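Chain residues, written in single-letter form:
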Amino acid sequence: MAFTLYSLLQAALLCVNAIAVLHEERFLKNIGWGTDQGIGGFGEEPGIKSRLMNLIRSVRTVMRGLRPPFLGPEPTRARCGGLSHPPSPSAEALLRVRGVERLARLMATRRALKAVLVDLNGTLHIEDAAVPGAQEALKRLRGASVIIKFVTNTTKESKHDLLERLQKLEFDISEDEIFTSLTAARNLVEEKQVRPMLLVDDRALRDFQGIQTSDPNAVVIGLAPEHFHYPVLNQAFRLLLDGAPLIAIHKARYYKRKDGLALGPGPFVTGLEYATDTKATVVGKPEKTFFLEALRGTGCEPEQAVMIGDDCRDDVGGAQNAGMLGILVKTGKYRTADEEKINPPPYLTCESFPHAVDHILQHLL
């Protein structure tokens with residue numbers, strides 16, 4: 001059979017795909033091309049190594065959903081035991097390709113990095129234990145000419161108590177550098193001039209001092225394990241049926257504790273939404289307004305910022321939807337293949353906060 005230029009090109013793509021399906025940690029890293037190397041920074045010209053790595057990853061993404069015509073359709077086992085042929089390309093593959101293209105366009109419009117947003121629980125620490133090397137990494141990041149803001153969805157404690165926890169862990173952080181979803185919730189309550197039923201942890205009530213809560217006409221819900229029982233939730237349910245607005249501090253599915261993963265407020269918010277046929281106003285991550293509010297006063301645009309966090313949806317996905325870059329760390333609530341749950345994918349996935357700082361200092365500044 002004569003080989004045409006088209007068939008030779010298809011064969012070359014298959015060869016690249018054969019390399020691409022090998023995990024970067026097993027192949028690229030062995031030849032010195034690790035996953036956090038050779039990625040261009042803000043406005044810098046990518047090198048040959050970076051271009052080859054991007055080609056490999058792009059081909060891998062496309063080839064997951066496409067099959068060359070000369071190989072024929074890929075058979076799959078049907079229910080009756082016969083063979084059927086799936087449609088090609090798959091919608092999922094095309095969506096991921098578009099996500100990669102969107103991330104590429106985002107990179108093309110980057111400006112000089114001015115701000116780094118950092119998640120707290122799961123990224124810098126897990127309850128009363130610091131992520132190994134996080135304190136020293138933060139010191140190194142402070143040595144660079146960037147603004148650092150700490151953004152968190154925590155509703156288990158007030159900003160003051162959170163700061164005390166961080167300082168006991170020897171993190172060099174000041175209170176004015178912390179922006180919490182509790183702050184965003186209070187701002188909205190004051191704007192709407194409502195009297196909220198506060199479904200938050202008792203330790204978080206300090207951030208709502210001065211807010212009128214008697215005879216409530218709104219429901220504010222965060223993470224409140226001690227209050228998530230039938231009588232309290234039923235009271236919230238009845239208020240919502242009477243027309244009270246539902247304000248969710250955030251809708252995280254779960255979070256990381258020392259003893260393992262635990263339910264977040266998201267399932268409880270969704271339950272109230274379902275029961276009352278209403279929709280919550282969410283004020284924390286991953287809402288775009290949360291990230292923009294965190295940048296207020298810094299003089300930075302989203303295109304000049306990067307977010308580091310352990311939650312692929314709330315931290316990374318939310319930040320990238322706001323126009324920032326997102327770095328996902330494999331600590332805290334991270335689970336294998338989380339980076340494949342959002343589209344576009346994270347700008348970078350790395351082992352921990354210190355590795356993220358190394359990348360920023362080497363490639364983004």
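In what follows, the structure referred to is the one given above.
Residues numbered from 1 in each chain as written. Predicted model: local features only at pLDDT ≥ 70, side-chain atom pairs only at ≥ 80, totals over all residues. Heavy atoms only, no water.

(A) Focus on the overall build of the chain. Along its length, the chain carries 11 helices and 16 strands. Taken across its 365 residues, the chain has 49% of its residues classed as buried. In the chain, the proportion of contacts linking residues at least 24 apart, taken out of those at least 6 apart, comes to 66%. Accessible surface computed for the chain: about 18400 Å², of which carbon and sulfur atoms make up 53%. (Helix = DSSP H or I, 4+ residues; strand = E, 2+ residues; numbered from the N terminus. Buried < 20%, exposed > 50% of the residue type's maximum accessible area, 1.4 Å probe, protein only. Contact = heavy atoms within 4.5 Å. Areas by Shrake-Rupley, 256 points an atom, 1.4 Å probe, with all protein chains shown as cover.)

(B) Geometry of the sheet that holds strand β13 (residues 281-282). Taking strand neighbours across the sheet as the criterion, the 4 strands line up as β8-β9-β10-β13 in an open arrangement whose pairing is parallel. Strand pairing shows two members of the sheet lacking a second neighbour, β8 (196-199) and β13, which therefore form its edges. Sheet analysis places strand β9 (residues 218-221) next to strand β10 (residues 246-248), joined by 3 bridges and oriented parallel. From the neighbouring strand, V219 faces β10, where its bridge partner is L246. (Pairing = 2+ DSSP bridges.)

(C) Layout of the nonpolar core. Ranked by size, the top nonpolar core spans 34 residues in total, and within it V116, L124, F150, I173, I327, F353 and I360 carry the most contacts. Elements with a minimum of two residues in this core: β3 (115-118), α4 (134-142), β6 (147-152), α5 (159-168), β14 (305-309), β15 (325-329), β16 (348-350) and α11 (353-364). In terms of residues, this core owes the most to one element, α11, which gives 5 residues. In contact with I173, not counting residues within four places along its chain, are L124, L138, R142, F150, L163, L166, Q167 and I178. Judged by nonpolar contacts, the second largest core, of 29 residues, contains V151, A204, F208 and C300. (Core = buried A, V, L, I, M, F, W, Y, C linked by side-chain atoms within 4.5 Å.)

(D) Here's a closer look at the sheet that holds β15. Pairing within the open sheet is parallel, and its 6 strands lie in the order β7-β6-β3-β14-β15-β16. Because the sheet does not close on itself, it has two edges, and the strands there are β7 (178-180) and β16. Within the sheet, the average angular offset between the axes of one strand and its neighbour, ignoring direction, is 20°. As defined by bridge partners, β3 adjoins β6 across 4 bridges and the pair is classed as parallel. Its bridge partner being in β6, V118 is matched across the sheet by F150. Contacts from helix α6 (residues 181-192) reach β6 and β7 within the one sheet, and its direction differs from that of β7 by about 60°. Along the sheet face, helix α10 (residues 312-321) touches β14 and β15 and points at about 160° away from the line of β15. (Axes fitted to C-alpha atoms, helices over the stretch in contact; angles between N-to-C directions.)

(E) Main features of the side chain of N153. Following the sequence through the fold, N153 ends up in the loop between β6 and α5. For N153, a relative accessible area of 8% puts it in the buried group. Within the structure, the side chain of N153 is placed 2.9 Å from the backbone nitrogen of K285, a separation counted as a polar contact. Excluding its chain neighbours within four sequence positions, the residues that come into contact with N153 are S181, I249, H250, G284, K285 and D314. (Polar contact = N/O pair within 3.5 Å; in protein donor to acceptor, adjacent residues only side chain to side chain.)

(F) Molecular detail of the pattern of salt bridges. Counted according to the given criterion, the structure contains 17 salt bridges. A salt bridge links K285 to D119; the nearest nitrogen and oxygen atoms lie 2.9 Å apart. Here the residue K285 occupies a position in the loop between β13 and α9 (288-295), and D119 occupies one in the loop between β3 and β4 (125-126), the gap between them amounting to 166 residues. A relative accessible area of 2% means that K285 is categorised as buried. With a closest N to O distance of 3.0 Å, R186 and E190 form a salt bridge. Here R186 pairs with E190, and both are found in helix α6, just 4 residues apart, close to one helical turn. Residue class for E190 comes out partly exposed when judged on its relative accessible area of 41%. When salt bridges with common partners are traced through the structure, they connect D119, K285 and D315 into a single cluster. (Salt bridge = Lys/Arg side-chain N within 4 Å of Asp/Glu carboxyl O.)

(G) The arrangement of α10 in detail. For α10, the tally of buried residues reaches 8 of 10 residues, placing the bulk of the element in the interior. Among the residues making up α10, those that are buried are C312, D314, D315, V316, G317, G318, A319 and Q320. Positive phi appears at G323, one or two residues downstream of α10, with a value of about 105°.

(H) Representation of α5. Buried within α5 we find K159, L162, L163, R165 and L166. On an axial view of α5, the arc spanned by its buried residues comes to 160°, and they lie on one face. For α5, the elements touching its buried residues are β4, β6, β7 and α6. Where α5 ends, the next residue or the one after it, E170, has phi of about 70°, a positive value. (Arc of directions from axis to C-beta.)

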